[in-house]
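Below, each chain spelled out in residue letters.
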Amino acid sequence: MKSEKSKSGRGASRSSRPVTRAFRISNFAFLIGASAAAAAEQENSVFEGGTNTFNNWVEISAGGLIPSGNTAQAEQDRHLSQGAFGGIQDLHFQQSVATNTLFTLDGRGIFDAHDYGLSLGLRKEDLYFLRFNLENFRTWYNGDGGYYPPDNAWYPLGDEALALDRGEISFEAGTLFKNKPNLAFKYSHLYRDGEKSSTIWGPTHPLFIGPTRGLTPSFYDIDEKRDIFALDATHHIKATDFGLGVRYEKGTLNNALNISQYPGEPAVLGVPQDRKITDREGVTYDLLNVHAFSETWIKKNLFFSAGYMFTHLDNDLSGNRIYGDDFDVQYSPNAGNGLGYTNLVGSSQKTENVLNLNLMSLPLNNLSIVPSVRVQKS
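Residues numbered from 1 in each chain as written. Predicted model: local features only at pLDDT ≥ 70, side-chain atom pairs only at ≥ 80, totals over all residues. Heavy atoms only, no water.

Next up on the list: the overall build of the chain. Along its length, the chain carries two helices and 18 strands. Restricting to contacts in the chain with at least 6 residues of sequence separation, those with at least 24 account for 62%. Entry remark: accessible area of the chain is about 21,900 Å², with carbon and sulfur atoms responsible for 58%. (Helix = DSSP H or I, 4+ residues; strand = E, 2+ residues; numbered from the N terminus. Contact = heavy atoms within 4.5 Å. Areas by Shrake-Rupley, 256 points an atom, 1.4 Å probe, with all protein chains shown as cover.)

Spelled out as structure tokens, the structure:
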């Protein structure tokens, strides 16, 4: 896990001092692309309605964003970062590798847009399947603060937008038997990493005589990871479907709200006003879930279903709120630094049992009667 200092350094270098100016937002984006169907035999076949259709293709695109004015707002609006980008927009390949066995590949990769995806699959009819998936995409946020009309003062955070990456890596495997019990296993790793804007703006004194207002920009520093393991078994006997599954999830959330207060203002009675606040919240959790179900057509117009779920959730909480001349500094008790705290700890647990019983009757074509019972204990 990367150090918090390396992440906070990006935010610490951002300016939150007021800028007195009029500004505009404009940008110019250009995009070029090319598409080719593999093994194309006729020119018109790559278009919809052509004489032939193809299973494999690749689409390549390139472009760029040239903003003028508020770059961060342009990047957020266009969902792109300034500069050039390009790569594979869409790729699909499939090939039979053995009898009734199909291999598939889907992917995309746009350089400098942090937009990547890869999916690999292997499926043998009535026997098994394997799947691997990787995905990452980025979202841009304008982190600028407020605007104070009487002074024509604008409180920007930086030249470019904040960026937050989201992604998932997963692996699946299972059986595809027709008349036997089937098993399916899936592992997933999900994450969010980066920075995003916040509307919890910090206080300042416009014109140094105005009232305290929330105008200075703030942003979230986000680091979240989750790992999920799931195993499910299903079977069909005569008119009844059965299912049994277990899911285990473990996660770590380490997020901080970074706030600037009174930027550029002089000390009062020796107490500094220009301070940085790091409000960090941490959560680690473990979740165990066991579930089962059954579905039966008793008659052509009578259906019965039952389901049971057991869940146990265990949380550990941590946090601190630190005032200093930078973000993520050491805690230093000082009345002039504000009412901060450190080593906040806590925990919580929850256990839940749920039982559902449902009976659906279809006495008429346009009438259904569904008496149900739900029992829940927490």
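Further notes follow.
Enumeration over the complete set of coordinates arrives at three aromatic pairs. Here the aromatic rings of Tyr-187 and Phe-229 are separated by 4.9 Å at their centres, their planes lie at 40 degrees, and the arrangement is tilted. Residue Tyr-187 is located in strand β11 (residues 182-204), and its partner Phe-229 is located in strand β12 (residues 213-237); the two are separated by 42 residues in the primary sequence. With relative accessibility at 36%, the residue Phe-229 sits in the partly exposed group. We note Lys-180 situated over the ring of Phe-177; from NZ or CZ to the ring centre the distance is 5.5 Å. (Phe/Tyr/Trp six-rings, centres within 6.5 Å; stacked < 30°, edge-to-face > 60°. Buried < 20%, exposed > 50% of the residue type's maximum accessible area, 1.4 Å probe, protein only. Lys NZ or Arg CZ within 6 Å of the ring centre and 35° of its normal.)

Our next topic: the pattern of salt bridges. Considering all chains together, one arrives at 14 salt bridges under this definition. Between Lys-276 and Asp-274 there is a salt bridge, with the nearest N and O atoms lying 4.0 Å from each other. On the accessibility criterion, Lys-276 (14% relative accessible area) is buried. Linked through salt bridges whose partners overlap, the residues forming this network are Arg-108, Asp-115 and Glu-135. (Salt bridge = Lys/Arg side-chain N within 4 Å of Asp/Glu carboxyl O.)

Here Asn-254 is to be found in strand β13 (residues 240-261). Here the alpha-carbon distance between Asn-254 and Ile-222, two residues 32 residues apart in the chain, equals 6.5 Å. A polar contact of 2.9 Å, which involves the side chain of Asn-254, links it to the side chain of Arg-280. (Polar contact = N/O pair within 3.5 Å; in protein donor to acceptor, adjacent residues only side chain to side chain.)

Another point: the pairing of strand β10 (residues 162-175). Relative to β10, strand β7 (residues 128-141) is paired through 14 bridges, and the arrangement is antiparallel. Bridge assignment links Asn-136 to a residue of β10, and that residue is Gly-167. Hairpin connection between β10 and β11: a loop of six residues separates the two successive antiparallel strands. (Pairing = 2+ DSSP bridges.)

So, about a nonpolar patch on the surface. Together, Leu-130, Phe-171, Leu-183, Phe-185, Phe-229, Leu-231, Val-246, Tyr-248 and Leu-288 make up an exposed nonpolar region whose accessible area comes to about 710 Å². Those elements giving two or more residues to the nonpolar patch turn out to be β11, β12 and β13. (Patch = residues over 30% accessible without salt bridge, like charges linked within 9 Å, V, L, I, M, F, W, Y side chains within 5 Å.)

Let us look at the side chain of Thr-139. By the secondary structure assignment, Thr-139 is in strand β7. Within polar-contact distance, the side chain of Thr-139 engages the side chain of Arg-166 at 3.0 Å. Dropping the residues within four chain positions of it, Thr-139 is found in contact with Leu-162, Ala-163, Leu-164 and Arg-166.

Sheet topology note: the β10/β11 ladder contains 11 bridges and is antiparallel. Looking at β11, one finds that Ala-173 is bridged to Phe-185. In this structure, β11 lies alongside β12, joined through 20 bridges in antiparallel fashion. Considered in β12, the bridge of Lys-186 is made with Ala-230.

We now examine the environment of Gln-76. Among the structural elements, Gln-76 can be located in helix α2 (residues 71-78). Taking the C-alpha atoms as reference points, Gln-76 and Trp-140, 64 residues apart in sequence, are found 4.9 Å from one another. Ignoring any residue separated from it by four or fewer positions in sequence, one finds Gln-76 in contact with Trp-140, Tyr-141 and Asn-142. There is a polar contact of 2.7 Å between the side chain of Gln-76 and the backbone nitrogen of Asn-142.

Here is a general trend for soluble globular proteins: nonpolar side chains tend to be buried in one another's company. The biggest cluster of nonpolar side chains holds seven residues, and these are Tyr-141, Leu-157, Leu-162, Leu-164, Phe-219, Ile-222 and Phe-327. When residues of this core are traced back to their parent elements, those giving at least two are β10 and β12. With five residues, the next largest nonpolar core counts Leu-65, Leu-80, Phe-85 and Ile-110 among its residues. (Core = buried A, V, L, I, M, F, W, Y, C linked by side-chain atoms within 4.5 Å.)

Working note: α-helix, 3.6 residues per turn, so residues spaced by three or four point in the same direction. Of the residues making up α2, those classed as buried are Thr-71, Ala-72, Gln-73, Ala-74 and Glu-75. Two to three positions downstream of the cap, the backbone nitrogen of Ala-72 sits 3.3 Å from a side-chain oxygen, assigning the N-cap of α2 to Asn-70. Immediately beyond the C-terminal end of α2, within one or two residues, lies His-79, with a positive phi of roughly 55 degrees.

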